[in-house]
Amino acid sequence: SSGINAEYGVSDKIIQRYMQYTSNTGDKISNQPSGAYIFRPKTQKADDLGTPTLTDFIPGEYATEIWQSFGNWISQVTRVYYDKMYIEVEWTVGPIPADHGREIITRYETTLSSGDTFYTDSNGREMVKRVLNKQPTYDVNVTEPVAGNYYPVNSRATIRDEKRKMQLTVLNDRSQGAASLASGQMEFMVHRRCLKDDRRGVAEPLNETANGRGLIVRGKHWLFYSDLQSYHLHRDIGLDLFYSPVVAVTSGNEPETPSRSFYSTKAAPNPYLNLLTYQPFNDTAILIRLENTLHVSEGGTNISVDLANLIADKKTQSIPGNGSRWRSARQGHSGEPEASFGVGSGDNYHPEASTNQNFCGHIWITGNRKV
């Protein structure tokens, strides 16, 4: 277990467990086994994989590392950075024993009273409310209480305590299945090894090996604890993690032209304005894609952009007003280089409207671009 101290003078205790579901190979209810496409545990209770053993404790200049092992094939390093608002958990799982099918989760348990609700991201954009054993648009008869409450998580999942006005967000480094099966907790699927084909097309069990043994998987979670008024800060953290520098090693010389930012200092861009794409197509055309990352439910508002000041590419000598246009991904809209990027999108999009969708805009800059 570990404690997360928030900047707001509030802390919470988190207990992390590694657990496993035994894969179903077919039973009296259904002959459907768990496999590559189907998650169907044999029982609705996960088995604890044991108490962690502390293997090392390393205080450093920028962070403290806690090294732990959970038996012979699970280990993790927890990093507490002194200047960050999150805790980093780097887990290593595998090779999973092949005596029977196993589906491995890590579960975070807190004192937050989240009830039967948690939130998952929609492809990295807006957060979607998930309620245990319920669907928003139809009545559902949940026959698989665990698998029926798992949802895809591309970048983050959240539990909220509306009374205490606090929330825990877990950001992940890859798409995973996740669920909140009890108040105050979330679980994430981190590894699977199933010994029976689920008969969904691959014609083989999920039993991949390398060098004669099962696969070893390594990944990261980042735990962010905040009040409900400031929880949108996970957007900043998510972008920082997604755009982490890529370390390259070479025996050659340093590049003559190192990479540089496309943001101009005089543009003072909004911290929630994200430059998705800057792609020259030819001597006279550049494709720019901008994104307003802050959802309206998180306090997002329209962002006005001065394109001439936004781009610091000195090769672009002019951006004529009558040669620029921008549009939403699904509906065209002509305009001047100064455009308002709202939090709406789709068929109901209007640049001054505020809806419940994030907006991604495409801008074509054409004209006197000299290389």
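Placed above this text is the structure.
Quick caveat: nothing in here was measured; it's all calculated off a predicted structure. (Residues numbered from 1 in each chain as written. Predicted model: local features only at pLDDT ≥ 70, side-chain atom pairs only at ≥ 80, totals over all residues. Heavy atoms only, no water.)

(A) Structural context of the overall build of the protein chain. Helix and strand counts for the protein chain come out as two helices and 25 strands. In the protein chain, of all internal contacts separated by at least 6 residues, the share reaching a separation of at least 24 is 64%. Entry remark: accessible area of the protein chain is about 19800 Å², with carbon and sulfur atoms responsible for 49%. (Helix = DSSP H or I, 4+ residues; strand = E, 2+ residues; numbered from the N terminus. Contact = heavy atoms within 4.5 Å. Areas by Shrake-Rupley, 256 points an atom, 1.4 Å probe, with all protein chains shown as cover.)

(B) Up close: the environment of Val 146. Along the polypeptide, Val 146 turns up in the loop between β10 (127-131) and β11 (151-153). Put simply, Val 146 and Pro 41 are 105 residues apart on the chain and 7.7 Å apart in space, counted from C-alpha to C-alpha. Those residues within four positions of Val 146 in sequence are excluded, and the remaining contacts are Tyr 21, Phe 39, Pro 41, Gln 44 and Leu 181.

(C) Quick peek at the nonpolar core. Counting 28 residues, the largest nonpolar core has Val 93, Leu 168, Met 186 and Phe 188 as the members making the most contacts within it. Those elements giving two or more residues to this core turn out to be β2 (11-22), β7 (86-93), β8 (102-109), β11, β12 (156-161), β13 (166-172), β15 (185-193) and β18 (217-227). Those residues within four positions of Val 93 in sequence are excluded, and the remaining contacts are Tyr 18, Trp 73, Ile 74, Ile 104, Val 190, His 191, Leu 215, Ile 216 and Val 217. Ala 46, Ala 147, Tyr 150 and Ala 179 belong to the second-largest nonpolar core, a separate cluster that totals 10 residues. (Core = buried A, V, L, I, M, F, W, Y, C linked by side-chain atoms within 4.5 Å. Buried < 20%, exposed > 50% of the residue type's maximum accessible area, 1.4 Å probe, protein only.)

(D) Expanded view of the environment of Phe 39. Structurally, Phe 39 is set in the loop between β2 and β3 (47-48). C-alpha separation for the pair Phe 39 and Gly 148, spaced 109 residues apart in sequence, amounts to 9.2 Å. If sequence neighbours within four positions are ignored, Phe 39 has contacts with Tyr 21, Ser 34, Glu 103, Val 146, Ala 147, Tyr 150, Met 189 and Arg 192.

(E) Quick peek at the pairing of β12. Of all the six residues making up β12, six are buried; the element is thus mostly covered by neighbouring parts of the structure. Taking every second residue as pointing to the same face, both faces of β12 are buried, with Arg 156, Thr 158 and Arg 160 on one and Ala 157, Ile 159 and Asp 161 on the other. Direction of pairing for strand β9 (residues 117-121) relative to β12: antiparallel, over a ladder of two bridges. Pairing of Thr 120 across the sheet is with Ala 157, part of β12. Where β12 hands over to β13, the hairpin turn is made up of four residues, of which Lys 165 adopts a positive phi near 60 degrees. (Pairing = 2+ DSSP bridges.)

(F) Broad picture of unusual backbone geometry. Of note, the amide linkage connecting Gly 94 to Pro 95 takes the cis form, showing an omega dihedral of -5 degrees. Here Pro 95 is to be found in the loop between β7 and β8. Of note, the phi angle at Arg 199 is positive, near 60 degrees, even though the residue is not glycine. Here Arg 199 is to be found in the loop between β15 and β16 (209-210).

(G) Region of the structure containing empty space enclosed by the protein. In total, this model carries one cavity of 30 Å³ or more according to the counting rule given. The computed volume of the largest cavity comes to approximately 40 Å³. Along its surface, the largest cavity is lined by Asp 116, Phe 118, Arg 130, Val 131, Leu 132, Asn 149, Tyr 151 and Ser 180. Per-class residue counts for the lining of the largest cavity are four nonpolar, two polar and two charged. (1 Å grid on protein atoms, 1.4 Å probe; cavity = no way out; pocket = protein on both sides within 12 Å on 5 of 7 lines; lining within 4 Å. Points joined across faces, edges and corners; volume = space filled by probe spheres on them. Nonpolar A, V, L, I, M, F, W, Y, C, P; charged D, E, K, R; others polar.)

(H) Structural context of the pairing of strand β14 (residues 176-179). Relative to β14, β11 is paired through three bridges, and the arrangement is antiparallel. Looking at the pairing, Val 153 lines up with Gln 176 of β14. The pairing of β14 with β15 spans two bridges and is antiparallel. What sits directly across from Ala 179, in β15, is Glu 187. Hairpin remark: β14 followed by β15, antiparallel, with five residues in the connecting loop; positive phi at Gly 184, about 85 degrees.

(I) Examining the packing of aromatic side chains more closely. Per the counting criterion, the structure on display carries seven aromatic pairs. Relative to Phe 188, the ring of Tyr 108 has its centre 6.3 Å away and its plane inclined at 70 degrees; by these criteria the two rings are edge-to-face. One end of the pair, Tyr 108, is in strand β8; the other, Phe 188, is in strand β15, with 80 residues separating them in the sequence. The buried category is assigned to Tyr 108, whose relative accessible area is 1%. Geometrically, the ring pair formed by Phe 242 and Tyr 243 is edge-to-face, given 5.0 Å between the ring centres and 85 degrees between the ring planes. Since its relative accessible area comes to 64%, Phe 242 is described here as exposed. An aromatic cluster is present here, built from Tyr 21, Phe 39 and Tyr 150 joined pairwise through their rings. Sitting over the face of the ring of Tyr 119, Arg 160 holds its NZ or CZ atom 3.8 Å from the ring centroid. (Phe/Tyr/Trp six-rings, centres within 6.5 Å; stacked < 30°, edge-to-face > 60°. Lys NZ or Arg CZ within 6 Å of the ring centre and 35° of its normal.)

(J) Just the sheet that holds β7, in detail. The strand order β4-β5-β6-β7-β18-β13-β12-β9-β10 describes an open sheet built from nine strands, whose pairing is antiparallel. Edge positions in the open sheet fall to β4 (53-59) and β10, since each of these has one partner strand only. When the angles between neighbouring strand axes are averaged without regard to direction, this sheet yields 20 degrees. When strand β5 (residues 63-69) meets strand β6 (residues 74-81), the two strands line up antiparallel, connected through seven bridges. Bridge pairing in β6 places Ile 66 opposite Thr 78. The strands touched by helix α1 (residues 233-242) within the sheet are β7, β10, β12, β13 and β18, with β13 carrying the most contacts at an inclination of about 15 degrees. (Axes fitted to C-alpha atoms, helices over the stretch in contact; angles between N-to-C directions.)

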